[in-house]
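Understanding the architecture of this molecule
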Amino acid sequence: MALLTNKLSISLAHEEFDGRYDVFEVTKEGKGRLSWSSRVFEAFGAPYILSILGQGGDDPFYILAPKGLVSVRGLRDHFEKSYGGVIEDENLEPADVATSLLPKQVPSRNVPEHILVQLLLNALFAGNSENGPSLQNVTGHLYCFKTGRDWVKKTKSGRNLHIIGLELKVTPESLLKANVRTFTRATAAGLIFDDRKKSEFPRYVVDFDGPTMRRVSPGESPEADNVFIQKQYEGKKSKIPFLKYGNRKAFANSKCGAIQEVVERFNETYAGMASISFQAIDDSRRAPVPKKLLKADYPVWFSRDEYVVVDVAKDAASRKACEFVADWLAFNEHLGARPRIVGSAVAGANNLLILHDKAYYKDLGIDDPYAASVLEGAACQHLTVETVQSEFGKLKEDSGMRFVVPKCLVEAAVKRDVCDGAMRLYDWSALECDGPLVFALCGPETKEEKKERERGKSPRRYSFLEVSPTGALAFYQGCSDNAVSGSKWDELADVFTSEWSYKTEGFVINAAGDIDAIEVTDGFPVPDLATIKRAVESIDWSLPKSEVLEAVSTLTEDPAVDVALRALCEWVSDIPDSLVKASKLNSLVVDAARMVDEKYPARRIRELMDARLEERFSRRLLTGVPRDKEALATTYEPIIKMHCVREDDSLLYWVSNFDGLSRTGRENGCVIRSVRSVNGENPFFTDLLETLVAPIARLGNASVLPLPFKYLREWMEGVAME
């Protein structure tokens, strides 16, 4: 199977489109920022308007309407009567509004393709979708949500507290973005406001009977319980799993399930006029990538230096935690020997510092010893007492310390490499570089500089890591303010300041002076959703109990098997519902199989049931969607391991888990990154892909950036603490 991403392949029959719909482009006169009141477009307020799409700023917005039911004059009159056109920062009377917002009808060919698709998407779910994605924000965004408890959270009294929505947006590059948005009831007690005041947030009215969403209009006073703002509840980030396939509901409530439903409904509704699908990447554009992770040689890594456990908190709880950690480190797969427990960091050793978390010291009103516990020039890795305490009493095979301890050991080893100025966790010389490579990140920044960057200004301060062909590490800093008379690092900082964008993650410079910029994109890989949906439906079915009984009641000539079949028939008869679910029947078959004599393999009962179900109903008792080698190489290929694709003069790459897929699905998707050459040459980044599969930055898995960036960040954290 070819690789799929969220880039859409769009097919539009413009003659058919113009025969069914009218599109209006609305511009404005005056100096103010183009805006409008959503009251214009609320249900029955503007009949015949199917959807709208605003682009922000002074760009026009677009209106989609059925053919012949809306006119330019009618829109102008409607704007005036409904006080719809509001030009901010201008003192206009309502009668002036119609002359300030200027609608004109335009043929579909004159409208950008992505806007047409978004208009059709918004019209598709406008207010009457009971079972599918259903929250239509009539200000131009499409927020999909489900009415169940996975997406709508309620208080104990049953009041709607917050809504987790999935905003589906088609970008000018034809990428289908699917970002999670949270709307919380404006009067909820758990809302946290920082720099922005509550009154500055746009308010939305949610109608669950519609279901629709629109902005609250000026002067309107809806019921408080029905007003929501786009804000996280209690500062916690809401999440929708990327892909779940355990059953139909799990799939439908995942990002992939919602996206698949939207694509299917779009293509069914607009058949013959418009269709969308995920664009396949030509195999000829794929670049070779490492197929396996490098082996993590933990015993060698950990035996190079002495490790000590440092009791920073110096209380009974921390002492117990130190003893617990020391016992874990004594396992052969870790250190193989119990380390010393000391009272302060030791120069030349890898120090695991045990202290309480921030909240502990804040609640007591005493200073947090985190920064003071670090010994300059020593490798120091912190671990909180609270993290360790949660693992007391657990069996080794169930304990989270199986992951915490190796991670702490590796982090300490990385810090040791930084202190020694030599990369020892990875054989850098194996890359056979022609000369040193330089890696750069913006920062460290002051709070004010960080605020400036968040407001869109390019950072001026950068940190650099120069890695020699043998793996020697040298760290530097540069600032664009000193570019004229400063060092070469200041000059490079000036170059990066001009090249930086909010999507920039880092820069790499080779020995020839070529510069590659690594940037995040709005792209993400997509598995074969139609195939997954069919697979989910094949394992999550329900059949009439009477027909299932017919399938299981026929006996065989094998007495042992017939004992199990009689029991199975009795258990199915006792099911109170008229339908038998696949999961329930599978559980009963497993129980029945256990009754078979030992000399008969229990799988025979299952094989017998599979054969009968397939013959009668074309169903089988599958316990999960196929995730064998064939499925991983086709259906799920885009979301496992690593992929790199050449695109014009740049590279696209993404990294996922190398350990396959879990039984239930995948919580997180992947982000596609772009690498471009600042000098206009072809990127040399493919030479560094090997460093992504060193399981160091992400223990036991590949990382998304070359390994030296891990070392550079560790060094920057130390600089920031000084």
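Residues numbered from 1 in each chain as written. Predicted model: local features only at pLDDT ≥ 70, side-chain atom pairs only at ≥ 80, totals over all residues. Heavy atoms only, no water.

1. Re the overall build of the chain
- The number of helices and strands found in the chain is 20 helices and 30 strands.
- Counting the 722 residues in the chain, one finds 49% classified as buried.
- Relative to all contacts within the chain whose residues are 6 or more apart in sequence, the contacts with residues 24 or more apart total 69%.
- Accessible area for the chain stands at about 34700 Å²; split by element, carbon and sulfur atoms hold 48% of it. (Helix = DSSP H or I, 4+ residues; strand = E, 2+ residues; numbered from the N terminus. Buried < 20%, exposed > 50% of the residue type's maximum accessible area, 1.4 Å probe, protein only. Contact = heavy atoms within 4.5 Å. Areas by Shrake-Rupley, 256 points an atom, 1.4 Å probe, with all protein chains shown as cover.)

2. As for the sheet that holds strand β24 (residues 515-520)
- An order of β22-β21-β20-β23-β24-β30-β28-β27 is seen for the eight strands of this open sheet, with the pairing classed as antiparallel. Looking at which strands have only one partner, the edges of the open sheet turn out to be β22 (473-479) and β27 (642-647). Each adjacent strand pair in this sheet contributes to an overall mean axis angle of 20 degrees, direction not counted.
- Against the sheet, helix α13 (residues 488-499) contacts β20 (437-442), β21 (461-467), β22, β23 (504-509), β24 and β30 (673-677), and its axis sits at roughly 120 degrees relative to β21. (Pairing = 2+ DSSP bridges. Axes fitted to C-alpha atoms, helices over the stretch in contact; angles between N-to-C directions.)

3. Details of the packing of aromatic side chains
- Inspection of every chain in the model, using the stated rule, returns 22 aromatic pairs.
- Pairing Trp328 with Phe331 gives two aromatic rings, centres 5.1 Å apart and planes at 85 degrees, and the pair type is edge-to-face.
- Within the aromatic cluster, the residues linked to one another by ring pairs are Tyr462, Phe464, Tyr476, Trp489, Phe496 and Phe507.
- If you follow Lys396 out to its NZ or CZ, it ends over the ring of Phe331, 3.8 Å from the centre. (Phe/Tyr/Trp six-rings, centres within 6.5 Å; stacked < 30°, edge-to-face > 60°. Lys NZ or Arg CZ within 6 Å of the ring centre and 35° of its normal.)

4. Structural notes on the sheet that holds strand β18 (residues 350-355)
- Ordered by their spatial adjacency, four strands build an open sheet running β17-β16-β18-β19, and the pairing between neighbours is parallel. Strand pairing shows two members of the sheet lacking a second neighbour, β17 (340-342) and β19 (379-384), which therefore form its edges. Within this sheet the neighbouring strands show an average axis-to-axis angle of 30 degrees, counted without direction.
- Judged from the three bridges that link them, strand β16 (residues 307-311) and β17 form a sheet pairing that is parallel. Looking at β17, one finds that Val308 is bridged to Arg340.
- Packing of helix α8 (residues 316-329) onto the sheet brings it into contact with β16, β17, β18 and β19, and relative to β16 it is tilted by some 165 degrees.

5. Notes on the environment of Trp541
- With respect to the helices and strands, the residue Trp541 is situated in the loop between α14 (529-539) and β25 (542-544).
- A residue is classified by how much of its surface remains accessible, and Trp541, at 2% relative accessible area, is buried.
- For the pair Trp541 and Asn247, spaced 294 residues apart in sequence, the C-alpha to C-alpha distance is 8.9 Å.
- Dropping the residues within four chain positions of it, Trp541 is found in contact with Arg248, Val580, Lys581, Ala582, Leu585, Leu613, Arg619, Arg620 and Leu621.
- Looking at Trp541, its side chain comes within polar contact range of the main-chain oxygen of Ser538, at 3.3 Å. (Polar contact = N/O pair within 3.5 Å; in protein donor to acceptor, adjacent residues only side chain to side chain.)

6. What about helix α18 (residues 603-617)?
- Between its first and last C-alpha, α18 extends 20 Å over 15 residues, near the 21 Å set by a 1.5 Å rise per residue.
- Within α18, the full set of buried residues consists of Ile605, Met609, Asp610, Arg612, Leu613 and Phe617.
- Taken together, the buried residues of α18 touch β25, α15 (545-553), α16 (559-573) and α17 (582-593).
- Residue Ser618 follows α18 closely and has a positive phi angle near 60 degrees. (Expected span 1.5 Å × (residues − 1).)

7. Examining the packing of α16 against α17
- Running from N to C, α16 and α17 point in directions that differ by 145 degrees, and their axes come no closer than 9 Å. The two elements α16 and α17 cross, and the hand of that crossing is right-handed. Where α16 approaches α17, its residues Ala564, Leu568, Trp571 and Val572 are matched on the opposing element by Leu585, Leu588, Val589, Asp591 and Ala592.
- Residue classes in the contact of α16 with α17 are distributed as eight nonpolar, no polar and one charged. (Left-handed = near helix turned anticlockwise from the far one by under 90°. Nonpolar A, V, L, I, M, F, W, Y, C, P; charged D, E, K, R; others polar.)

8. Overview of the pattern of salt bridges
- Tallying each qualifying case throughout the model produces 31 salt bridges.
- Where Arg673 meets Glu505, a salt bridge forms, and the shortest distance between an N and an O atom there is 2.4 Å. In this pair, Arg673 sits in strand β30 while Glu505 sits in strand β23, placing the two residues 168 residues apart along the sequence.
- Given a relative accessible area of 22%, Glu505 falls into the partly exposed group.
- Bridged by salt links that share partners, the residues Asp305, Arg416, Asp417, Asp420 and Arg424 form one connected network. (Salt bridge = Lys/Arg side-chain N within 4 Å of Asp/Glu carboxyl O.)

9. Some details on α8
- Look at α8: 20 Å from first C-alpha to last across 14 residues, which is about the 20 Å you get at 1.5 Å a residue.
- All of the buried residues along α8 are Ser318, Ala321, Cys322, Phe324, Val325, Ala326, Trp328 and Leu329.
- Packing partners of the buried residues in α8 comprise β16, β17, β18, β19, α10 (385-389) and α11 (401-420).
- Where α8 begins, one side-chain oxygen reaches toward the backbone nitrogen of Ala317, 3.2 Å away; that side chain belongs to Asp315.

10. A few points about unusual backbone geometry
- With an omega of -5 degrees, the peptide bond running from Gly443 to Pro444 counts as cis.
- Note that Pro444 resides in the loop between β20 and α12 (447-454).
- Even without being a glycine, Ser174 presents a positive backbone phi close to 65 degrees.
- Secondary-structure assignment places Ser174 in the loop between β9 (160-170) and β10 (176-185).
- Phi at Asp648 takes a positive value of approximately 55 degrees, unusual for a residue other than glycine.
- Here Asp648 is to be found in the loop between β27 and β28 (650-655).

11. Points about the confidence of the model for the chain
- Summarising the model, the chain shows a mean pLDDT of 86, and 89% of its residues fall at 70 or more.
- Segment residues 83-90 is flagged for pLDDT under 50; beyond a separation of four residues in sequence, or across chains, it makes 27 contacts in the model.
- Low pLDDT, under 50, characterises residues 94-99; the predicted model gives this stretch ten contacts beyond four residues in sequence or across chains. (pLDDT = per-residue confidence, 0-100.)

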